[in-house]
Every structure is written in structure tokens, then in C-alpha cells.
Amino acid sequence: MTSNSTPADIELIVFRLASIDYCVDIMQVREIRGWTPATPIPHAQHYMLGVINLRGTVLPIIDLADRFGLPPSQPNERNAIIVTEVKNQLVGLLVDSVSDIISIDRTEIQPTPEVAVGHSNRDFVTGVIGVEGRMVSLVSIEAIMPRHKAEAA
Amino acid sequence: MDPMAAIRDTFFQECEEQLSALEEGLLEMEDGNTSLDTVNAVFRAVHSIKGGAGAFKLTELVSFAHVFETCLDKIRSQTLQPDPDVIKLLLRSADILADLVTRCRQGTAIEKSLYEGLQAELENVVGGLADDQSAEDDFGSIDFTPTVIAVGGFESEPAEPTGMSEASGEAVGPVASIMFRPHSGLYAKANEPLVIIRELATLGKLACRTSFDLLPDIEAFDPAENYLSFEISIEGNPSYDDITSLFEFVEGDCDLKIEMLAGDDVAPAPADSPVLEAPVNDTMPTADDIIARVLGRQAGSEPTGEVIALPAGTSAVDERAEKPVEKAADRGTEKGPATKAIRVDLDRIDRLINLVGELVINQAMLSLRVSQSGAVVAANVGSSLEELERLTRDIQESVMAIRAQPVKSLFQRMSRIVREVADQTGKAVRLRTDGEATEIDKTVVDLLADPLTHMIRNAVDHGLEMPDRRREVGKPEEGTVRLSAAHKSGKVVITIADDGAGINRPKVLEIARRKGLVTETAQLSDNEIDNLLFLPGFSTATNVSSISGRGVGMDVVKRSIQSLGGRISIDSKPGHGSVFTMSLPLTLAVLDGIVVSVADQTYVVPLTAVVETLMPESGMLSSLGANGQAIRVRDRFLPVVDVGQVIGIRSEPADRNSCVAVLVETDGHGKSALIVDRIQDQRQVVIKSLETNYGPVEGVAAATILGDGRVAMILDVDTLIGRGSESTSSAQNMVYAKAS
């Protein structure tokens, strides 16, 4: 763990989804846990897998692949759930696997390249980072959260 | 928190209690109970607020409370008759006092206009404050010259402290010798030497003698003056501070000399001695010094300011001073002194409740694991588990009881609303309350305030007729709004009834049609018309007043009640008034439910809605329209709601041959049948919020965690049925205006 971070540094959790590398700010991550079957929420968006019991708290789970427009996950025990906290709300992100924690300087974050239309990730990706020759997309959890929950019906 | 802020906090907390006692007392007086006990209780409440406010230099509060108190004092001394007008004025003053307290608490500026008018009215009633005394006088003055002042308006007889213990033979420990001569002013303020002496008697062995030395000749005798004085000696190590604190309340209205003598130095007062001849020790502090010390550590400075600096806190001093009076007044009434209560932070209780919730879930998991383990469970394990389950439930109920609160405070707030609206509309209204002791979860009480306020306003503003109209139809001019609470089959039922004109159904229907809420041709039953009031955007007020009728009306009320897991219904009789009935859960933390399976998922149906369950036999279910169904139960056809379809987890209906029907009844939709695949269990479940991390879900009231650790949805039966009957296009003609 690199703890001697200056304000310019940012620690990121890198995870993998359909062979693509993504990352989120570690400050927004509460914990990482294994997959347990979720209870579906009536009238929810298709990417809402449902809710699970996180030590007495009802935690909604988003299928991140489905949310990004990739083929929906077939969750199994090898999947991981990244429990994140945004605006005092907890939400779990279902990902294929968590691979790494990296520490970078904020200046290393580059703007997302303009790519072909139909690449729906753009709405959720705030920038990209080059790590050992691979491109890692920085995901904005705020953008992932379902927007009009009350009107999900 | 720094100690000052903590003391201040305590003061405001006590203020709330005092205000509630004040209101309660005034309402009793309004009902004709003007006994001295009641008036005293009211006086005491205002006095305590004034006392505390003085200590915190809340000048506006002090000056208003002072006039208020003076007015009450006049009633107490029977120079002012508490007629209805005066009591109305007092009630309004109580409201303003509450406002002032709130503002002081929040630290917001107080405009003079808020209280000046009323203060002037009070002063008028009092008669210009003839015997004006500075507001701080009776708790702050250290001016203690023993002079005899004749004060007018004194009517009661001086009390004879008869029956006090006689001086005894043997002296043990230090002795306090007290010379106490009440002025007539002390009696005029309804203080009672006997009470003080009784209280002194608790400090040690007490001997008291009445001295008649000052009695003048019959020509010079003023019947309004007190000529008696008391000589008291207390054995058994009484402390200065204890003694002075007892006199603090009457300080300034009496001559007082307290001397502390070592036990050996003094012979006990002989029983027949007319005057206690006690040696005076010059080094002993005089009463002036003692009182100065109690009130403010440094003599010569502003005593009121100094009280703040006392670490013990002013409230403590006040309480001690008040104790004797309070005890006397409470004697014989049902409200005993609230001694065995502690204040606990709500967060702590909530944490405990959450933990107990976890315990319940864990206990359920344990039971499940044991039964799943397959092994033959030894009998003692089984009984231990049962014992654990019982204990868990007991613990849970006890914890829940901590949060339970009587609805009294809520109801008291409503009486103010009634007064205000009555004033604004020019109607004469009386609020009657019932079942104030009914207990309900604190959260429910808090969240109920807004909807209840709204409904009370509506009842007065729309429900009741104007006085002349009431006279025409032969009703008493004064309208009555009845607010009652009661426990009924595991729920709290709160009703608001008015004796007004009832719902004007033709007008309601006309408005609903004009606003497109119902179709022109729809034939609605009376009940359905009444329920139109709950539709969003509906407002019957022809002229929108500032009080109610802003178009956000009963639909908001209904939604808030529903969000509390409650139901609301209307019953109205033209010419006789309307009754709004709310049924609310006792707690928001647990509920009893039936655990059912639908398409591999588990749901919980709240038991309160369930009437019965049955296995439909062939022929009981029949199709109705394209995809609707009805069920025949004892020759009645009820609409069927297929849970799987309505909740959206499967498109085809449940298997007719193996399904189970759960008959439910709701206030809004009558009886219906919920079709599920299987009933698993009936048990108590812990309510978990779905909204904290997700949001509201239609048809789902909340979530819970089952014994296997998985989350299950608790169904919101009312909205499910609403959706169901909508899609099956049953006899519903209403076009619900969609909120989303």
C-alpha cells in the first residue's frame, strides 16, 4: 500500500469487465466482497440486478456490464462486488474481477479519446490512464447511479 | 459541547415540558376547571420559563413571561376572573411564549411586533401592572432589608403551621436556627410557609414555634397583613445551601435569619419557650450572604448574570426552589412527579434497535441452519432455540417500547392550530381530544405532525360552517373538532371528526370532472366521491385561502400516511360532518407478515392487511376480460391480483391448480385476492429501508432480511391492488392522475 500520497496523487482500484480494464477512485470504495444471489427489485431498470444483504443493510447491485451496454453478466461466485458510497448512498457494482490498486498522479489522467459513435461508455468514463501499456478507463460512479429512481416504474 | 451550551440545552428542553404543562393547564381552565392546583401549575410553568430565561439574559422572553405571569398571578389571587375571553388571551399568550422560546433556542432575532400587541393586551387585563416589580425581582434580588411592606390585594388567611413536630429533648449534631417571618406578599404569590417548613423537616429533626409577638392592638390590626413569624430549629446536620435553597422562592417576601450552631453550643428549644433564645454567632454568615452566594458567587454584581456562571446550572437551583410548591400542587392529582425518567439520545436507542434487529435476523438464521443441518436435532437444542426466539422477541418488544411516545404532545400542538385557524376564519371551534395517552413510535409521532396539522386545518376551514350558518341549521355556534387516538388490533387508529356540513359531494364531483380526474359519464358511489379528495391536484376550496386549499392537499396527506405504512379513509354524512380515520403501525421497525413464494422469489405480505388465505378449488377462479381474473369466495366475486404479474417478475399468471389466494382488505380498495404460488411461513420481520440506498419502489413498502440472509420485499398491498384493478379494468372509473 502506498500511503505517502501527496494531494496530487490518487489511488484507484482497477477491475476488469469483459476483458476491459476500468478503475474507480478508492475513496469511493467501501469494501469488496463476493457475489451472493440478489433479490430482484420490481419495476427496476434492467441493469439493476437486485438487492443483497450487506450485514443488515439493503444494498442495491448494478450489473456494470449491462449498465455499460455490454452483454449482461452471468454472475457466479468468481464475480466480485465493489461496494461504493456516493452521496451517502451505498451501491454495489458487479464486476468480473478486481485486479489491482494503483497510485498515480492526477495529471496522468487523460481525456477520454473520441471514438466511434455507439460507444456508450463515454457517459460513464471521465478519463483514461495508461498503465504498463494498457489503457484503464476511470469510471464515474455518480454517472452510473440510476438517475430517476422514483420513476423506474 | 461546552457546559454552558449543555445547560442552555437543558433549559430549552425543560421549557418544552413547561410549555406543554402550560397548555395543558390552560385547556383545563378553558374546560371550567379553575381550581387552585390548575392555576398554580400554569403559573409555575410560566414562572420557570421566566426564571431560566432571566439566567440566560433572554430579555424579550423574560419581559413577556413576566406580564404573562403577573396576569396569572391575578387569577391565582382571584382578583381577575378567568372568563373565556381571558383564557383565550392566555392561550394565545402561551402560543407566543412558545414562539419566543423557539426563537431564543434558534437564536433568531425577535421582532417586537411578534409579542408587543399581546403583551399590551395582557397588561391591560392586569390593569397596568399596579404593583410593578422588576421582572427579575423574585429570583434575582439580593436586596434583603427586613422591612414590613403592606401590599394590597391580599385575601387569603395566613396559614397556621399546626401539627408540626414539637421540639424534642436531645440535641444531636449541629443545629440550624431559623427565624422566618413571611410578608403578606409571600402569601399573595401563593407561596405557603407550611410547605417550606415541611420541606425543612426533611433536612433533619425539626422544631417549630409560632411567635405572636408582633401582633398589634386590635385598632392597629390590618387584616391583610401577616403578624406571625416562625422560629424553627433543625437538628441533624442540615447544610446551609439546602436551607437557603428552600427559601429561595420566597426570598424578598419575608424576613429570614439562618444561623448555624454547633450541636454542643445550644440547648434545644424548650417546648414551652415562646421565643427561641439562640446565641447569635457573629462569624456565621448572614442570610444575605448565603443567598448572595447561592444566587451569584460574587456579591455586588448582577445576580441574574452570575447564575450563568454557576457550574451547577440554574435549572438545578430553580428546581430545588420549586420543589416544595410543586409537591403540594401535585398531591392528589394523577400526574406524579416524573422522577424515574432519564433523557437518552435518540441515536443511541436507534443503534440499539438496529442491533436488536440484527439479533432477530441472526436468530432466524441459526434456527434455519439447525433445521437444515439434517441431523436429528436433540430435543434440548430445539427447546433452547425456542427459548432464544422468545427472548429475542421480548428484547425486541422492550426496545421498541422505549421509542413509544404518547400522542399527547402531538395533540397539544393541534389545539394551537385550531385556535389560529378559528381566529383567521372567524369561526368558533372547540377541540376535544381523546386517548392522549395512546403510545406510538416516536418517528410516527414526528412524521404525523404535518399531515395532522393539514387535516385539522381542513376540518376547521372546510369542514365547519360559519357560526351564523350553524345557528340556521340548529347546531351550536361553536363547532367541535374531535381528535382521538386508540389502539386497535395492533394498530393505532387516529380519527379527526368535525360536526360540520360534511363533504359536499355534488361539488366534489363537479370539480373532479372539470379537472378531468373522472370521466363525465362515470357513476361513482358516495365513498368513491369522497376518495376523490385524495387525488393529486384536487382542491375543493372555491376561494383559496391562506389556511388550506392550495391544491396540495389531501393527496400529500395520504402519501405521508402511506409512507408511514398507514391507511386513511373518509366517512362523511351530509349535515353531520366528516370523519377522517387513519390507521398507523405501532412501530416502523418490525411487522408481522406472511412469507410467500412467487416464481422462486420470496415476498412478505403484511399481516394487518390479510383477512384469510385459501387454496382456490377448480372453478373458483374465472377470467374477466382479456387478462383479468376474479375469484368466487362464498358467493362473492372479488378481484384477483396476480402478484407475479403485477410485480413484473413473470408474464404468465400463476398456475391455477397449485396457487394460493391471500385475501386482503384495504381501506382504499375493499377486499381483493392476491395470488401467490405458496405460503412459506408467518413470522415477524425486521423492516429495512429500501429507500436509503435505492429509492421508492411501487408496490413495495420496504425490504426485510430473511432467515437465510437474503433480502425479501415487503409488499405494499394497497398500491398492488390499485395497479391490479387498474390493469384488469374492473369497476374503477377513476382516471388516476399519474404522479410519475
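Let us look at the structure shown here. All chains use their own residue numbering, which begins from 1 and follows the written sequence. Labels are handed out in written order, letters beginning with A for the chains and numbers beginning with 1 for the ligands. Only residues with pLDDT of at least 70 get local features here, since the model is predicted, and only at 80 or more are side-chain atom pairs given and counted; chain-wide, interface and lining totals rely on the full set of residues. Values shown for side chains rest on all heavy atoms present in the structure; no hydrogens or waters enter the calculation.

What follows covers the overall build of chain B. Numbered from the N terminus, helices here are DSSP runs of H or I no shorter than four residues, and strands are runs of E no shorter than two. When helices and strands are tallied, chain B shows 22 helices and 22 strands. Within chain B, buried positions represent 49% of all 740 residues. Contacts in chain B between residues far apart in sequence, at least 24 positions, make up 72% of those at least 6 positions apart. Three labels apply to residues, based on accessible area from a 1.4 Å probe with only protein chains included: buried if under 20% of the type maximum, exposed if over 50%, partly exposed otherwise in between. Residues count as neighbours in contact if any of their non-hydrogen atoms are within 4.5 Å of one another.

Contacts between the two partners involve 26 residues from chain B and, on the opposite side, 25 residues from chain A. Once two parts are joined, some of their accessible surface, as seen by a 1.4 Å probe, is lost; buried area is that loss totalled over both. Summed over both partners, the interface of chain B with chain A buries about 2100 Å², with 60% contributed by carbon and sulfur atoms. It is N693, Y694 and V711 of chain B that lose the most area in chain B upon contact with chain A, and together they represent 37% of the buried surface on that side. Residues adjacent in sequence count toward polar contacts only when both atoms are side-chain atoms; beyond that, a polar contact is any pair of N or O atoms within 3.5 Å, and within protein one must be able to donate a hydrogen and the other to accept it. At the junction of chain B with chain A, the criterion picks out five residue pairs in polar contact (both at pLDDT 80 or more). Broken down by class, the residue content of the side of chain B that touches chain A amounts to 13 nonpolar, seven polar and six charged. Each residue receives one of three labels: charged for Asp, Glu, Lys and Arg, nonpolar for Ala, Val, Leu, Ile, Met, Phe, Trp, Tyr, Cys and Pro, and polar for the others, Gly being one of them.

Here we come to a nonpolar patch on the surface. Only residues whose relative accessible area exceeds 30% and that form no salt bridge enter a patch; like-charged residues are grouped when within 9 Å of one another, and nonpolar side chains (Val, Leu, Ile, Met, Phe, Trp, Tyr) when within 5 Å. Residue-level accessible areas treat just the shown protein chains as cover; the underlying method is Shrake-Rupley with a 1.4 Å probe. Every case where a carboxyl oxygen of Asp or Glu lies within 4 Å of a side-chain nitrogen of Lys or Arg is listed as a salt bridge. Residues F212, L215, I218 and F221 of chain B make up a contiguous nonpolar surface patch of roughly 420 Å² in combined accessible area. Within the element layout of this structure, F221 of chain B appears in the loop between β2 (205–211) and β3 (229–235).

This next bit is on the sheet that holds β2 of chain B. Residue and element names in this part refer to chain B. The antiparallel open sheet is built from four strands, whose spatial order is β2-β3-β1-β4. If you trace the sheet from one side to the other, it starts and ends with β2 and β4 (254–261), each paired once. The average undirected angle you get between the axes of adjacent strands in this sheet is 15°. For two strands to be treated as a pair, DSSP must find at least two bridges joining them. Across eight bridges, strand β1 (residues 175–182) lies against β4 in antiparallel orientation. Paired with A176 across the bridge in β4 is M260. Axis geometry follows a simple rule: fit a line to the C-alpha atoms, using only the stretch in contact for helices, then measure angles between N-to-C directions, giving values from 0 to 180 degrees. Set on the sheet, helix α8 (residues 193–201) makes contact with β1, β2 and β3; between it and β3 the angle comes to about 15°. Together, β1, β3 and β4 form the strand contacts of helix α9 (residues 240–247), whose direction differs from that of β4 by roughly 170°.

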